[in-house]
Amino acid sequence: MSLLAIQIIIVAIAAVALGGAIRRFRKREMSVRWLALWVILWVGASVVVLVPKTSERIAAILGVGRGVDVVVYLSIATLFYFMFRIMTRLDRMEREITKVVRAAALRDSEKNE
Amino acid sequence: MKTVTVIPAWNEELVIGEVLDGLRSRVDEMVIVDDGSDDRTALIARTRGATVVRHAVNRGLGAALGTGIAAALRRNAEIIITFDADGQHLPDDIPAVLAPILSGDADIVIGTRLRDPKGMPPIRRLANQIGNLVTLVLFGVKVTDSQSGFRALSRYAAERIEIRTDRMEVSSEILAESRRKNLKLVEVPIRSRYTAYSMSKGQSLWMGLRTLGRLIIHRMGR
């Protein structure tokens, strides 16, 4: 089996991303849940890239025309999901920062009197 | 009735002293919320007899108003006036803005610049009208100046309005909240000074668009 350049590149990226995730997990910077998610995502991507038939099978099950399309649709859906999560979390963090800043401001102003 | 003015200020050292001097005789207390200024805003405010509440880092207009209202309530304010720090409002308008609350006709009063928008630059007027339309469509509140920073709130209203947004969208949020909490809202015409300084501190179109975006997100989150 000869590999296409694109296959080598994507698998290499997956390997680097996985390596990084495992390193961060070891340093306890990443939870098991996130590690599992990354492993599934990147191993899945590698499998689909190396064995294109898998995506075709999924496409057939889902009723989408081509295997490549399935990958694109799922990728976009996943990206949107993560973007939404990050936005809501950012929003919550902002509100929490304001709460902390406000509490400190009120306390200091009363102390100064 | 103890009236406390809340003035959110961010890097306003050039005008804050003058604004406070104009307000002093009109209210019982002045609370400056220094929203993480890098300049001498807090120092000047303190020497002019204001209580300074200082945010360690800049959190935006909404956050500063929330802090100021909380501080005023702790200081037993019975009426809270919010006033811009850039010198665009006239302290002489305070009695008119207070009147509907004193007479019991309103829980919250908005000082509107647009009943008589003389001197307001056309682009500013257009931006304000868009702001009013957005406030009407998103929150169902019809006012002539949704973005005004000159307001009066009874203690009853101030205790009920929950400010959750940090930035410029707070003006619309306060209106939305007064509707949600069934507060009586009255608009009173005020005059404005459009100095070169207040214009330079004003909102750009880009900021307006960002505010619009955050308002829509805020509405969806409700």
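Worth saying up front: this structure is predicted, and the values here are computed from it rather than measured.

S.K.: Tell me about the overall build of chain A, and name the residues and values.
M.R.: In terms of helices and strands, chain A carries four helices and zero strands. For 113 residues, the compact-globule estimate of 2.2 N^0.38 gives 13 Å, and the C-alpha radius of gyration of chain A, at 22 Å, exceeds that figure by more than 25%. Taking the principal axes of the C-alpha coordinates as reference, chain A spans close to 80 × 35 × 25 Å. Within the span of chain A, comprising 113 residues, buried residues form 10% of the whole.

S.K.: Residues and numbers for the packing of helix H1 (residues 5–26) of chain A against helix H2 (residues 32–50) of chain A, please.
M.R.: Two quantities define a packed helix pair, namely the angle between the helix axes and the distance between the axes. Residues and elements named next belong to chain A. One way to put it is that H1 packs onto H2 with a least axis distance of 9 Å and a crossing angle of 165°. In terms of their interaxial angle, H1 and H2 are classed as roughly antiparallel. Helix-helix and strand crossings are classified by hand; for H1 and H2 the assignment is left-handed. Along its contact with H1, which presents Gln7, Ile10, Val11, Ala14, Ala17, Leu18, Ala21 and Phe25, the element H2 presents Leu35, Trp38, Val39, Trp42, Ala45, Ser46, Val49 and Leu50. Within the contact of H1 with H2, the residues separate by chemical class into 14 nonpolar, two polar and no charged.

S.K.: Talk me through the confidence of the model for chain B; I want residue IDs and the actual numbers.
M.R.: Of all residues in chain B, 96% attain a pLDDT of 70 or more, and the chain-wide mean is 90. With pTM at 0.81, the complex prediction returns an ipTM value of 0.87.

S.K.: Just give me the short version of unusual backbone geometry, but keep the residues and values in it.
M.R.: Residue and element names in this part refer to chain B. The backbone of Asn11 sits at a positive phi, close to 50°, despite the residue not being glycine. Look at Asn11 and you get partly exposed, because 17 C-beta atoms sit within 10 Å. For Asn182, which is not glycine, the phi dihedral falls at a positive 55°. Mapped onto the elements, Asn182 comes out in the loop between helix H7 (170–180) and strand E7 (185–189).

S.K.: Mind laying out the pairing of strand E3 (residues 51–55) of chain B, listing which residues take part and the relevant values?
M.R.: All names here are of chain B. Most of E3 is tucked away: five of the five residues are buried. Side chains of E3 alternate between two faces, with Thr51, Val53 and His55 and Val52 and Arg54 buried alike. Relative to E3, strand E2 (residues 29–35) runs parallel, the two being bridged by five bridges. Note on E3: the bridge partner recorded for Asp34 is Arg54. Handedness of the crossover joining E2 and E3 through helix H2 (residues 41–47) is recorded here as right-handed.

S.K.: Break down the UniProt feature "transmembrane region" (unreviewed entry) in chain A for me, citing the residues and quoting the values.
M.R.: Residues and elements named next belong to chain A. Here the UniProt-annotated "transmembrane region" (unreviewed entry) positions come out as residues 6–22, 34–52 and 58–84. With 100% helix and 0% strand, residues 6–22 has its two end C-alpha atoms placed 24 Å apart. Split by type, residues 34–52 is 89% helix and 0% strand. Its first and last C-alpha atoms lie 26 Å apart.

Conventions we followed
- Residues numbered from 1 in each chain as written.
- Chains lettered and ligands numbered in written order.
- Predicted model: local features only at pLDDT ≥ 70, side-chain atom pairs only at ≥ 80, totals over all residues.
- Helix = DSSP H or I, 4+ residues; strand = E, 2+ residues; numbered from the N terminus.
- Rg over C-alpha atoms; globule rule 2.2 N^0.38 Å.
- Buried ≥ 20, exposed ≤ 12 C-beta atoms within 10 Å, placed from the backbone.
- Axes fitted to C-alpha atoms, helices over the stretch in contact; angles between N-to-C directions.
- Parallel < 35°, antiparallel > 145°, perpendicular 65-115°, else oblique.
- Left-handed = near helix turned anticlockwise from the far one by under 90°.
- Contact = placed C-beta atoms within 7 Å.
- Nonpolar A, V, L, I, M, F, W, Y, C, P; charged D, E, K, R; others polar.
- pLDDT = per-residue confidence, 0-100.
- Pairing = 2+ DSSP bridges.
- Right-handed = clockwise from strand over helix to strand, strands pointing away.
- UniProt positions renumbered as here; feature names shortened; annotations may be inferred.

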